[in-house]
Amino acid sequence: MSSSSLARILYRGLHTSVRRHALSKMTMPAMSPTMTEGGISAWKKAEGESFTSGDVLLEIETDKAVIDVEAQDDGILAKIVAQDGSKGVAVGSTIAILAEEGDDLSGAAQLAPVLPTRQAPEPSKEPSSPNTPSKPELSKGDRIFASPIAKKIALERPDGRIIREDVDKYTPEPALSTASPSATTTSPSADYVDIPLSNMRRTIAARLAESKVQSPHYYLTIDIQMDKALKLREVFNKSLAEKGAKLSVNDFIVKAVAKALEDVKKADISIAVATPTGLITPIVKDVGSKGLATISAEAKALAKKARDGKLAPHEYQGGTFTISNLGMYDISHFTAIINPPQSCILAVGSTQPTLVPSAEDERGFKTVNIMKATLSSDHPFKGYLENPLTFML
């Protein structure tokens, strides 16, 4: 132990008030510029456990990934305020109480605030059914209110009256159920799984709703003939088989988009990846300067990190252009919402054999592989995909 540390401990031993005030609050950090709240995925240190600079204290769940938070100095985790699994913890709110070696930890509980928790709203109590009111007595000469149908029936009778016998014989039609869906009790089912809304899905819903309202969306759909790209992919994959690598159609799409953007700026392409907690768009940087094999390897590595929740902020923040490909699910065509602050996104469908007119064929038609792509911007990348030799492996 260093002499300075020993002196500090002896000094605090003589001054109890100083020891109490040495406790400090650890607040929820902002892991990105847009982060307003987060969740506590798991604490890696227990209460009362010591840690050193560089140790991982906890994992924080943001709207995009689960990020390790490291200690900046040596210390002790005196009190955990936000427990494992806490959701919606505001940035800047206290999540733990920290201390240094020699501090009195008894005051940690008093220093720890009570965090507000999200509670499900209590079901509204149904008002008790009122007793059936007794039939009011009518004074002689009072007006009797009757419905139009009752008046019609009365006019059809010889004496123009509806008597008690008519009322006793009346059988009302069965009324349709007007119970609200919320009042219906759902029986538990083995096939039903209630998945809690993750921070990522909550943020995705809010931001895409905002994007759809504030950004003027327009869509351009084109048909791209993919025969040459598919043949070139087959040739490349044969040469890459010995290395255990394999190019996907999406790798060609990423490269074609980057070439189309080359005249504008360096292309950092975001690729939509579905994860258990929501959709995230990791970025392949400077795609235009890379070959298909490099693009494929980086895209696969980023997708794995995304599904494991291990992406670092710089691996998914920013980007020039987003590609969302549902072709592997046999979706022929769809439209995607722009991912702010980007200004365009490409929605890619599956490649399907299609009959097209052909003057060269004696039958007057031929079969080609057509892929539909919907873009909210211009579409010069079509030429690159239809002539993939314009970019090299």
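Structural data are supplied above this passage.
So, here is what we can say about the structure in this document. (Residues numbered from 1 in each chain as written. Predicted model: local features only at pLDDT ≥ 70, side-chain atom pairs only at ≥ 80, totals over all residues. Heavy atoms only, no water.)

Cis rather than trans, the peptide bond between Pro340 and Pro341 has omega equal to 5°. With respect to the helices and strands, the residue Pro341 is situated in the loop between strand S14 (321–325) and strand S15 (345–357). Of note in the backbone geometry, Asp286 takes a positive phi value of approximately 45° without being a glycine. With respect to the element layout, Asp286 can be found in the loop between strand S13 (283–284) and helix H9 (292–307). Given the relative accessible area of 27%, Asp286 is considered partly exposed. Even without being glycine, Asp330 reaches a positive phi, approximately 65°. Look at Asp330 and you get exposed, because its relative accessible area is 57%. (Helix = DSSP H or I, 4+ residues; strand = E, 2+ residues; numbered from the N terminus. Buried < 20%, exposed > 50% of the residue type's maximum accessible area, 1.4 Å probe, protein only.)

What the rule picks out here adds up to 10 salt bridges. Among the salt bridges present, the one from Glu49 reaches Lys45, with a minimum N-O distance of 3.8 Å. A relative accessible area of 32% places Glu49 in the partly exposed class. A cluster of three or more residues bridged by salt bridges with shared partners is formed by Lys44, Glu59 and Lys310. (Salt bridge = Lys/Arg side-chain N within 4 Å of Asp/Glu carboxyl O.)

This paragraph deals with the nonpolar core. Ile269 and Phe321 are the most contacted members of the largest nonpolar core, which has 41 residues in total. Among the secondary structure elements, those contributing two or more residues to this core are strand S9 (220–225), helix H7 (227–240), helix H8 (249–261), strand S10 (269–271), H9, S14, S15 and strand S16 (365–375). It is H8 that contributes the most residues to this core, 7 residues altogether. One finds Val69, Ala71, Ala82 and Ile95 within the second-largest nonpolar core, a separate group that totals 18 residues. (Core = buried A, V, L, I, M, F, W, Y, C linked by side-chain atoms within 4.5 Å.)

In total, this model carries 0 aromatic pairs according to the counting rule given. Lying over the aromatic face of Phe365, Arg363 brings its terminal NZ or CZ to 4.8 Å of the ring centre. (Phe/Tyr/Trp six-rings, centres within 6.5 Å; stacked < 30°, edge-to-face > 60°. Lys NZ or Arg CZ within 6 Å of the ring centre and 35° of its normal.)

A word on the sheet that holds strand S3 (residues 50–51). Strand order in this open sheet of 4 strands is S1-S8-S6-S3, and the pairing throughout is antiparallel. Both outer strands of the open sheet, strand S1 (24–27) and S3, are each paired with one neighbouring strand and no more. Bridging between strand S6 (residues 75–80) and strand S8 (residues 94–99) involves 4 bridges; their strand directions are antiparallel. Residue pairing across strands places Lys79 opposite Ile97, the latter belonging to S8. (Pairing = 2+ DSSP bridges.)

Our focus in this paragraph is a nonpolar patch on the surface. Side chains of Met328, Tyr329 and Ile331 sit close together on the surface and give an oily, nonpolar patch of about 340 Å² of accessible area. In this fold, Ile331 is placed in the loop between S14 and S15. (Patch = residues over 30% accessible without salt bridge, like charges linked within 9 Å, V, L, I, M, F, W, Y side chains within 5 Å. Areas by Shrake-Rupley, 256 points an atom, 1.4 Å probe, with all protein chains shown as cover.)

Relative to the elements of secondary structure, Thr374 occurs in strand S16. Polar side-chain contacts of Thr374 include one of 3.2 Å to the side chain of His333. In this structure the side chain of Thr374 is engaged in a polar contact, spanning 3.5 Å, whose partner is the backbone oxygen of Phe334. Once you skip the residues sitting within four places of it in the chain, Thr374 turns out to touch Tyr219, Leu220, Thr221, His333, Phe334, Thr335, Ile345, Leu346 and Ala347. (Polar contact = N/O pair within 3.5 Å; in protein donor to acceptor, adjacent residues only side chain to side chain. Contact = heavy atoms within 4.5 Å.)

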